[in-house]
Amino acid sequence: SDMMLRVNFMADELRKRFNRVEDGFLLPDESYYAQAIDGQGHQLRQYAADVGMCLWASEQGECVINAHYVDTVARTITGFDLFNPRVGIRNYAMGTEFPHGTLYHGSAFTYWPFVSALVARGLLRFGYKSEALDVTEASLLAIKRLGSNIEMFMETPNGQLVAWHHPKVGQQSSLEQAWTAASVYFGAHFLRKSDD
């Protein structure tokens, strides 16, 4: 139908733009993708977990990330800077610096369990089963240590896991979050199936 043709055209155009350096998300060195594009059209070049979730948002082996860069994203998201084998996928890569000192939803020591689950599911969809298992196990161990389906948490310099809180406005992460509960369900099911 005409509607389906238009949707396919729009999806193709979105993918093309997403994978461009000039006005898209692909970083100039083609090592990863920007987290966002600001109001002036400039890339926010922090290495963030958001990009790994693009692997989850896929259909029949296709996603917004060009097939040529899927392996690069999979290796980056599970590399030392973004993956902590004790707790899961970091919100931002180690060493991330923010312009003007702003912190959006934390730092390299902040974790959202549902992000680890979506990244693991995306890795699995593209054939990275071993990496998906590592991410899932790490995230579930952290949730177990915290004793709740926490929304997001931080790792302190001495390795303790604590609920996230905003340093200025006092906002704090929810201790029981539905999307984390869904992450636990996915992780437990995935680990059980992988043992069969």
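Reference entry: report on the structure contained in this document.

### A short note on the packing of aromatic side chains
This structure, assessed with the given rule, holds nine aromatic pairs. Each ring, one from Y111 and one from F153, has its centre 5.3 Å from the other, and the planes form 15°; the classification is stacked. One end of the pair, Y111, is in strand β5 (residues 110–111); the other, F153, is in strand β6 (residues 153–155), with 42 residues separating them in the sequence. The two residues Y111 and F153 agree in class, both being buried. Seen from their ring centres, W112 and F114 are 5.8 Å apart, and the 90° between their planes marks the pair as edge-to-face. Each member of the pair, W112 together with F114, is buried. Cluster of aromatic residues (ring-pair linked, three or more members): F18, F25, Y33 and Y69.

### Considering the nonpolar core
Counting 42 residues, the largest nonpolar core has Y33, L55, I65, I89, V115 and L123 as the members making the most contacts within it. For this core, the element with the most residues is helix α4 (residues 113–125), which contributes seven residues. Dropping the residues within four chain positions of it, Y33 is found in contact with F18, N19, F25, L26, L27, Q46, V51, I65, N66, Y69 and V73. The next biggest cluster of nonpolar side chains, apart from the first, holds six residues, and it includes Y111, A142, F153 and L161.

What counts, and at which threshold
- Within each chain, residues carry numbers counting from 1 in the order of the written sequence.
- Given that the model is predicted, a residue must reach a pLDDT of at least 70 before its local features are reported, and side-chain atom pairs must reach 80 or more before they are shown or counted; all residues, however, enter totals for whole chains, interfaces and linings.
- Each side-chain value is derived from all of the structure's non-hydrogen atoms; neither hydrogens nor water enter the calculation.
- Here the aromatic set is Phe, Tyr and Trp, taking the six-membered ring for Trp, and pairing holds for ring centres within 6.5 Å; pairs whose planes are under 30 degrees apart are stacked, those over 60 apart are edge-to-face, and all others are tilted.
- The way it works is that DSSP assigns letters per residue, a run of H or I at least four long becomes a helix, a run of E at least two long becomes a strand, and they are numbered from the N terminus.
- Type-normalised accessible area, obtained with a 1.4 Å probe on protein chains alone, sets the label of each residue: buried when under 20%, exposed when over 50%, and partly exposed for intermediate values.
- We call a set of buried residues a nonpolar core when its members are Ala, Val, Leu, Ile, Met, Phe, Trp, Tyr or Cys and they connect through side-chain atoms within 4.5 Å of each other.
- Whether two residues are in contact is decided by their heavy atoms, any of which lying within 4.5 Å being enough.

Scope: geometric values only; no functional claims are made or implied.
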